[in-house]
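Observations on the three-dimensional arrangement
Now for the letters of each chain:
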Amino acid sequence: MIQGSGRCHYHPERTGLGICVECRRVICRECTTQFEGINRCASCLGKRLQALEGPAERREWSVGNVMLALIGAAVVYGFVLLFAQVASEL
Ligand SMILES: [Zn+2]
Ligand SMILES: [Zn+2]
């Protein structure tokens, strides 16, 4: 990394030790975060983590899905009964 390349963007009183790969700001040791082996400032790491999480997927069963499942099961059960009846009449 580039050493002594100015002052930390977030702490003007501290010496900058690295550069954030995202925003190219000089950051001090305290601001440097190592994630995936890459230097990032704290704010960019936060954005990165948010991007990784992505939109929350909703896998909850809605009432509509439950109704469809029940109807499907009922239809299958009805067919089974129908076939059993037809088979017994043969
Ligand atoms: Zn950054
Ligand atoms: Zn700093």
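Residues numbered from 1 in each chain as written. Chains lettered and ligands numbered in written order. Predicted model: local features only at pLDDT ≥ 70, side-chain atom pairs only at ≥ 80, totals over all residues.

1. A word on the overall build of the protein
For clarity, the threshold we go by: The numbering of helices and of strands both runs from the N terminus, where a helix is a DSSP run of H or I of at least 4 residues and a strand a run of E of at least 2. Buried means a residue has 20 or more other C-beta atoms within 10 Å of its own C-beta, exposed means 12 or fewer, and partly exposed covers the counts in between; C-beta atoms are placed from the backbone. By the criterion used throughout, residues are in contact when their C-beta atoms, derived from the backbone, lie within 7 Å.
Along its length, the protein carries two helices and four strands. The helix and strand sequence of the protein, counted from the amino end, reads β-β-β-β-α-α. Looking at the 90 residues of the protein, the share that counts as buried comes to 13%. Within the protein, contacts between residues separated by at least 24 positions form 2% of all contacts whose residues are at least 6 apart in sequence.

2. Remarks on the environment of Cys-20
Structurally, the position occupied by Cys-20 is in the loop between β1 (18-19) and β2 (26-27). Residue classification places Cys-20 among the buried residues on the basis of 21 C-beta atoms within 10 Å. If we skip the residues at most four places from it in the chain, Cys-20 touches Arg-25, Ile-27, Asn-39, Arg-40, Cys-41 and Cys-44.

3. A look at unusual backbone geometry
The backbone of Arg-24 shows a phi angle near 65 degrees, a positive value even though the residue is not glycine. Position of Arg-24 among the secondary structure elements: in the loop between β1 and β2.

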